[in-house]
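Structural characterization, general
Each chain, letter by letter, is given below.
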Amino acid sequence: AQSVSQHNHHVILSEAASLELGCNYSYGGTVNLFWYVQYPGQHLQLLLKYFSGDPLVKGIKGFEAEFIKSKFSFNLRKPSVQWSDTAEYFCAVKDTDKLIFGTGTRLQVFP
Amino acid sequence: DTAVSQTPKYLVTQMGNDKSIKCEQNLGHDTMYWYKQDSKKFLKIMFSYNNKELIINETVPNRFSPKSPDKAHLNLHINSLELGDSAVYFCASSQEPSLETQYFGPGTRLLVL
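About the criteria used
Residues numbered from 1 in each chain as written. Chains lettered and ligands numbered in written order. Predicted model: local features only at pLDDT ≥ 70, side-chain atom pairs only at ≥ 80, totals over all residues. Heavy atoms only, no water. Helix = DSSP H or I, 4+ residues; strand = E, 2+ residues; numbered from the N terminus. Pairing = 2+ DSSP bridges. pLDDT = per-residue confidence, 0-100. Axes fitted to C-alpha atoms, helices over the stretch in contact; angles between N-to-C directions. Buried < 20%, exposed > 50% of the residue type's maximum accessible area, 1.4 Å probe, protein only. Contact = heavy atoms within 4.5 Å. Salt bridge = Lys/Arg side-chain N within 4 Å of Asp/Glu carboxyl O. Polar contact = N/O pair within 3.5 Å; in protein donor to acceptor, adjacent residues only side chain to side chain.

Once that is clear, we can look at unusual backbone geometry. All names here are of chain B. Going from Thr-7 to Pro-8, the amide bond is cis rather than trans, its omega being -5°. Considering the arrangement of structural elements, one finds Pro-8 in the loop between strand 1 (4–7) and strand 2 (10–13). Its identity as a non-glycine residue notwithstanding, Asn-51 has a phi of 50°, on the positive side. You can see Asn-51 is positioned in the loop between strand 5 (43–50) and strand 6 (53–57). With a phi angle near 45°, Ser-80 is a residue other than glycine that sits in the positive phi range.

All names here are of chain B. For strand 7 (residues 64–70) and strand 8 (residues 73–78), the ladder comprises five bridges, and the chain directions are antiparallel. The residue of strand 8 that forms the bridge with Phe-64 is Ile-78. The hairpin formed by strand 7 and strand 8 contains two residues between the paired strands.

So, about the confidence of the model for chain B. Taken over all residues, the pLDDT of chain B has a mean of 90, while the share at 70 or more is 95%. Ranking the elements of chain B by mean pLDDT puts strand 6 of chain B last, at 83, and strand 3 (residues 19–25) of chain B first, at 97.

Residue and element names in this part refer to chain B. In space, the four strands of this open sheet follow the order 1-3-8-7, with antiparallel pairing throughout. Pairing within the sheet leaves two strands with one partner each, and these edge strands are strand 1 and strand 7. Averaged over all neighbouring strand pairs, the angle between strand axes comes to 20°, with direction disregarded.

Burial of strand 11 (residues 98–101) of chain A is two-sided: the residues Lys-98 and Ile-100 of chain A facing one way and the residues Leu-99 and Phe-101 of chain A facing the other way are all buried. In this antiparallel pair of consecutive strands, strand 10 (residues 87–95) of chain A and strand 11 of chain A, the connection spans two residues, and Thr-96 of chain A shows a positive phi of 50°.

For the rest of this paragraph, the subject is the interface of chain B and chain A. Where interface size is given, it is often the accessible area lost as the parts come together that is meant. Contacts between chain B and chain A engage 21 residues on the former and 19 residues on the latter. Viewed at the interface, chain A and chain B are joined by zero salt bridges. Linking chain B with chain A are four residue pairs in polar contact (both at pLDDT 80 or more), by the criterion used here. Elements represented by at least two residues in the side of chain B that touches chain A include exactly strand 4 (31–37) and strand 5 of chain B. When residues of the side of chain B that touches chain A are assigned to their parent elements, the largest contribution, three residues, is made by strand 4 of chain B.

Below, the structure written as structure tokens:
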């Protein structure tokens, strides 16, 4: 079965800093990959997803992610974070009929 | 016009009690899910229903019983609540089990005392 690793458990940044959150999945073949965000006290919302095509995926709120098949990775990036990006970020991979989530990365952005 | 709604939002109860959490989606989706998010924010699927039929049943104690009266509703009943059941339970839906984007509800925070 697929698994997902998010190695950054807690990231602290100042506003305007660049962000990269790591995500690795366990095995190849055709993969569907997702990044979800959970703002404090709120439900999960989809940031972006990759099914096929261009490996550089643009999402909402200025986020993007790059699918690198050779590295089994789908890292999330944002060139300049804002205080409002403070949240928990979850990478997920489709495994047959279900989503397998990583353990999440807590991002704190200070003004 | 909430897409996926859950009730209640908070639930505090004693060990041994039986409780239910309700979920409704108005997106016209065929598939609904229950996830459990533990205190470390780890999110794990519990159940999935497609058109009222159970298609995913992870290794969840049989004290947890999902019920889907129609494809817009997926309720979760929990018998004999235990301390370890304390978590946030999220309902979600998608168009198909093969997975388009899943839309999540606001979560139900369950605290078992």
